[in-house]
Amino acid sequence: MNIEHIITELEKKDPEVYDRMSSRRSAISGIASIGGKLALAAIPLALGSLFKKAYGQSTGNIVGVLQYALTLEYLEAEFYTMGAAAPGLVPAGPPTGAIATIRDHENAHVALLKTTISALGATPVAKPTFDFSAGNGSGNGPFKGVFTNYPLFLAVAQTFEDTGVRAYKGQAGELISNNDVLTAALKIHSVEARHAAHIRYMRRNLTSNTGLKPWITGNDTGGIGAAVQASYNGEETSTQAGINIVNINGLGISMNAATEAFDEPLSKDAVLAIVDPFIV
Amino acid sequence: MAEKLIVPQEQEGRAMLSSKGQQRRQFLSLFAGTAAAATLMHACSNNDDPTPNNGINLGGGDIGILNYAYALEQLEAAFYIRVAQTFFTGATATEQQFLTEIRDHEIAHREFFRNALGGKAIPSLEVDFSKIDFNSRASVLGTAKAFEDLGVAAYNGAGKLITDGNYLLLAGKIVSVEARHAAMIRDLLSNGSFADNTAVDANGLDMALPPGEVLKVAGGFLKSKIDASNLPTS
């Protein structure tokens, strides 16, 4: 990446860019000092932040979204790290490989978000203490035994992934002013969706339930039940931007297909209520 | 001629935040799909605009991005419709179920964009599937994998080009379903490859591609020529 080139290009479009940044020199040295401290991957994010500051918009909301995302990624990363390490939980072969792949991605997301939050001048939130039984620290919640009961482990994994997809989607609009952070969040969002699809496929193969699919049908929990219903409520939406998708233009699109074809967002409040029992 | 009318107006209102080309694009996008747009595009063509007859013009601004998505969904839907007409030799019940459902999702996406764009929608595209052997599992699933990964990268790359949060959310609702498709097709080809290092990098990030890169690949499956020259670039 050529930082000088970026500034020069910016100057062509905005002759007042240096007024906004106080001076070209301070802008460049500011970026250079960021670069020295950061993993390469985070530099575009930090650059985005610098330009955002220069254009007088607060990064406060963006940091808030990233802290929220970090909390969810801590949850997922620790869940898979513990699951992969639990003796006799995940069968050898493809399941072990898949859980390791997902674990590594979630840990990478944690690292990337921490680096990015630091680059934006904030302190990453600390990792909470988790209770994966969803018992608020009692260890006695509805998912007790999640690290000894493989079907239960996959059920909780599915819920985390499907919820994660909805959580990121719900924040996209908050990031629209920062192209680099938005793009990074979108790239995480689609990886969570890939995970969700695979976990659902693993559950299908485990249970021989052909109604369990890589995509979400209606607000169906995939046989998990009421304990996770909140993660699926709203997915039954079949109207998008005022357009009814069922049998759209006479093409025989079923209600199931109409709901599967679009994943729905969840608000931050809804997601925090869902994960609250997992946090001590 | 049109520029003389447009540029001074824009300069008055805002302090040169965008290039002349961007200003013109924003202006034209107000008229996208109308006869006025066609006239204006023609009026500008002796300046720095690309020559007309370069193909089907997606338009500019958010409408251009929606047309870009509509073009990709047309391609995907046409592919799966053909796949499900006569499945490849030896297709399992699971494969038939998934490919049929994916077909319906892509039709839903296509028709959604068609209706949402209304009079601003590009025409139906002509596809060219001569490179695909629809009797061959490897050819069909290999092409499906390429299309789904490309779709994910396309939406991820287009997100930052969208200015309206409602459109961004709609793109987000679709891209995660494309990612689910991509993962499933990959698992059918090789179980466990749903998010391997050909799709996801060491930072756990999926791919994102700009429209130009995406259309280079998609164009290999289209008879219709696409003109993306008015799409936003940032």
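Keep in mind that what you see is a predicted model, and the values were worked out from it rather than measured.

1. Digging into the overall build of chain A
Logical step 1: Counting its secondary structure elements, chain A contains 10 helices and two strands.
Logical step 2: Of the regular secondary structure in chain A, the N- to C-terminal order runs α-α-α-α-α-α-α-α-β-β-α-α.
Logical step 3: Per-residue burial over chain A gives 53% buried out of 280 residues.
Logical step 4: Partitioning the contacts of chain A with sequence separation of at least 6, the portion at a separation of at least 24 is 68%.
Logical step 5: Counting every atom, chain A has about 11,000 Å² of accessible surface; 55% of that belongs to carbon and sulfur.

2. A look at unusual backbone geometry
Residues and elements named next belong to chain A.
Logical step 1: A positive phi is found at S208, a non-glycine position, where the angle reads about 55°.
Logical step 2: Checked against the element boundaries, S208 lands in the loop between α8 (179-207) and β1 (239-240).
Logical step 3: Judged by its relative accessible area of 62%, S208 is exposed.
Logical step 4: Despite not being glycine, A241 has its phi angle at roughly 50°, a positive value.
Logical step 5: Here A241 is to be found in the loop between β1 and β2 (243-244).

3. Focus on the confidence of the model for chain B
Logical step 1: In the predicted model, chain B carries a mean pLDDT of 84, and the fraction of residues at 70 or more is 78%.
Logical step 2: Long-range and interchain partners of residues 1-51 of chain B, a stretch whose pLDDT sits below 50, account for 53 contacts in this model, where long-range means more than four residues apart.

4. Side note on the packing of aromatic side chains
Logical step 1: Evaluated as defined, the whole model comprises 22 aromatic pairs over all chains.
Logical step 2: Ring geometry for B:F79 versus B:F129: centroids 6.1 Å apart, planes at 80°, classification edge-to-face. Pair noted here: B:F79 is in helix α4 (residues 61-85) and B:F129 is in the loop between α5 (93-117) and α6 (137-158), with a separation of 50 residues, a long-range link. B:F129 carries the same exposure label as B:F79, and that label is buried.
Logical step 3: Residues B:F79 and B:F134 carry aromatic rings whose centres are separated by 5.9 Å and whose planes lie at 40° to one another, so their mutual orientation is tilted. Here B:F79, found in helix α4, pairs with B:F134, found in the loop between α5 and α6; they are 55 residues apart in sequence, far enough to count as distant. In this structure, B:F79 and B:F134 share a single accessibility class: buried.
Logical step 4: Taken together, the ring pairs in this structure connect A:F79, A:Y80, A:F130, A:F132, A:F143, A:F147, A:F153, A:F160 and A:F278 into an aromatic cluster.

5. Some thoughts on the pattern of salt bridges
Logical step 1: For the coordinates displayed, the defined rule picks out 18 salt bridges over all chains.
Logical step 2: The salt bridge involving A:R166 is made with A:E235; its shortest N-O contact spans 3.3 Å. One end of the pair, A:R166, is in helix α7 (residues 150-171); the other, A:E235, is in the loop between α8 and β1, with 69 residues separating them in the sequence.
Logical step 3: One network of salt bridges, with partners in common, ties together A:R194, B:D149, B:R186, B:D196 and B:D206.

Rules used throughout
- Residue positions are given per chain, counted from 1 along the sequence in the order it is written.
- The lettering of chains begins at A and the numbering of ligands begins at 1, in the order of writing.
- Residues qualify for local features only when their pLDDT is at least 70, as the model is predicted, and side-chain atom pairs are given and counted only at 80 or more; totals for whole chains, interfaces and linings, by contrast, use all residues.
- Only heavy atoms go into the side-chain values, all of them from the structure, while hydrogens and water stay out.
- Labels follow the DSSP assignment, with helices taken as runs of H or I lasting at least four residues and strands as runs of E lasting at least two, numbered in each case from the N terminus.
- Accessibility here uses a 1.4 Å probe with only protein chains present; expressed as a share of the type maximum, an area under 20% marks a residue as buried, one over 50% as exposed, and anything in between as partly exposed.
- The contact criterion used throughout is that any non-hydrogen atoms of two residues lie within 4.5 Å.
- Calculation of accessible area relied on Shrake-Rupley with a 1.4 Å probe; when residues are assessed, cover is drawn exclusively from the protein chains displayed.
- Confidence scores labelled pLDDT are given residue by residue by the predictor and lie between 0 and 100.
- Here is the rule: rings of Phe, Tyr and Trp (six-membered ring for Trp) pair when centre to centre is within 6.5 Å. Planes less than 30 degrees apart are stacked, more than 60 are edge-to-face, and the remainder are tilted.
- Here, a salt bridge means any side-chain nitrogen of Lys or Arg that lies within 4 Å of a carboxyl oxygen of Asp or Glu.

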